[in-house]
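So the chains spell out like this:
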Amino acid sequence: MDEGLVLRTERLLVRRWREEDRGPFAELNADPEVMEHFPSVLTREESDAIADRIESRMAEDGFGFWALEVAESGEFVGFTGIARTRFDSHFTPAVEIGWRLGRGSWGRGYASEAAKAVLEYGFTEAGLDEIVSFTAVGNVRSQAVMRRIGMIRDENEDFEHPFVPEGHALRLHVLYRLTAGQWKASRTTTVNASAPVKPLPR
């Protein structure tokens, strides 16, 4: 098995980043539609800096936002994974699940498929008690993914993201949660049994 592989689903590989991923990652970060619910698009330098932070935090935590590849074609389509939050709010410290896919991969169910596998990893291999997800109030596409993977929103937990400037239209965020107990009770899909979860080195 590829030593960079973390998870395999029916159609996707969730794996460690490679140097050649940085180009297409920068392209999706420069796409105004992909970045509609972020304060701005990113330059190549800003995109590479995010990739650097992802790698360093993965080394520190043992998990992170992994690269997402279409198994059949080998195409890099974005990232999916879990990461520790790096800001203070009423629900932190926490581990969030997140994803960002290039526009050409939208509408195919890739985000939900990969996120379900990542949830399983988080609650089994990583032994987490709860995983959260959040996004700007207007990002209905990501919120639909959160609901499809079983996450639950309480409107009373909406919050202002401290990394978004005050007064910005994207500052108000929704919060979705899922506990290990809720996941176990409602679980309906699993990672492909022929390719079990491969933990990252600690």
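Residues numbered from 1 in each chain as written. Predicted model: local features only at pLDDT ≥ 70, side-chain atom pairs only at ≥ 80, totals over all residues. Heavy atoms only, no water.

*Asks:* What am I meant to see in the overall build of the protein chain here?
*Replies:* In terms of helices and strands, the protein chain carries five helices and nine strands. When its helices and strands are written in sequence order, the protein chain yields β-β-α-α-β-β-β-α-β-α-β-β-β-α. Scaling as 2.2 N^0.38, a compact globule of 202 residues should have a C-alpha radius of gyration of about 17 Å, and the protein chain matches this with 16 Å. In terms of principal-axis extent, the alpha carbons of the protein chain reach across some 50 × 40 × 35 Å. Per-residue burial for the protein chain yields a buried fraction of 51% across its 202 residues. If you take every contact in the protein chain between residues at least 6 apart in sequence, the share linking residues at least 24 apart comes to 63%. For the protein chain, the centre of its 25 positive side-chain charges and the centre of its 33 negative side-chain charges are spaced 3 Å apart. (Helix = DSSP H or I, 4+ residues; strand = E, 2+ residues; numbered from the N terminus. Rg over C-alpha atoms; globule rule 2.2 N^0.38 Å. Buried < 20%, exposed > 50% of the residue type's maximum accessible area, 1.4 Å probe, protein only. Contact = heavy atoms within 4.5 Å. Lys, Arg positive; Asp, Glu negative; His and termini not counted. Charge placed at Lys NZ, Arg CZ, Asp CG, Glu CD.)

*Asks:* I'm lost on the side chain of E113 in this one. Help?
*Replies:* Residue position: E113 is located in helix α3 (residues 110-123). In this structure the side chain of E113 is engaged in a polar contact, spanning 3.4 Å, whose partner is the backbone nitrogen of E10. With residues near it in sequence (within four places) discarded, E113 still touches T9, E10, R11 and L12. (Polar contact = N/O pair within 3.5 Å; in protein donor to acceptor, adjacent residues only side chain to side chain.)

*Asks:* Before we go on, may I ask you to explain the pattern of salt bridges in this structure?
*Replies:* Here the idea is simple: oppositely charged side chains can pair when their charged atoms come close. Evaluated as defined, the whole model comprises 18 salt bridges. The salt bridge partner of R103 is E33, with a shortest N-O separation of 3.3 Å. With R103 in the loop between β5 (95-101) and α3 and E33 in the loop between α1 (22-29) and α2 (44-61), this residue pair connects regions lying 70 residues apart in the sequence. Classification of R103 as partly exposed rests on a relative accessible area of 39%. Accessibility expressed as a relative area gives 42% for E33, which makes it partly exposed. Residues R86 and D61 are paired through a salt bridge, measuring 3.5 Å at the closest nitrogen-oxygen approach. With R86 in the loop between β4 (76-84) and β5 and D61 in helix α2, this residue pair connects regions lying 25 residues apart in the sequence. Looking at R86, the relative accessible area reads 29%, which means it is partly exposed. Overlapping salt bridges bring together E19, R22, R44, D48 and D52 as one network. (Salt bridge = Lys/Arg side-chain N within 4 Å of Asp/Glu carboxyl O.)

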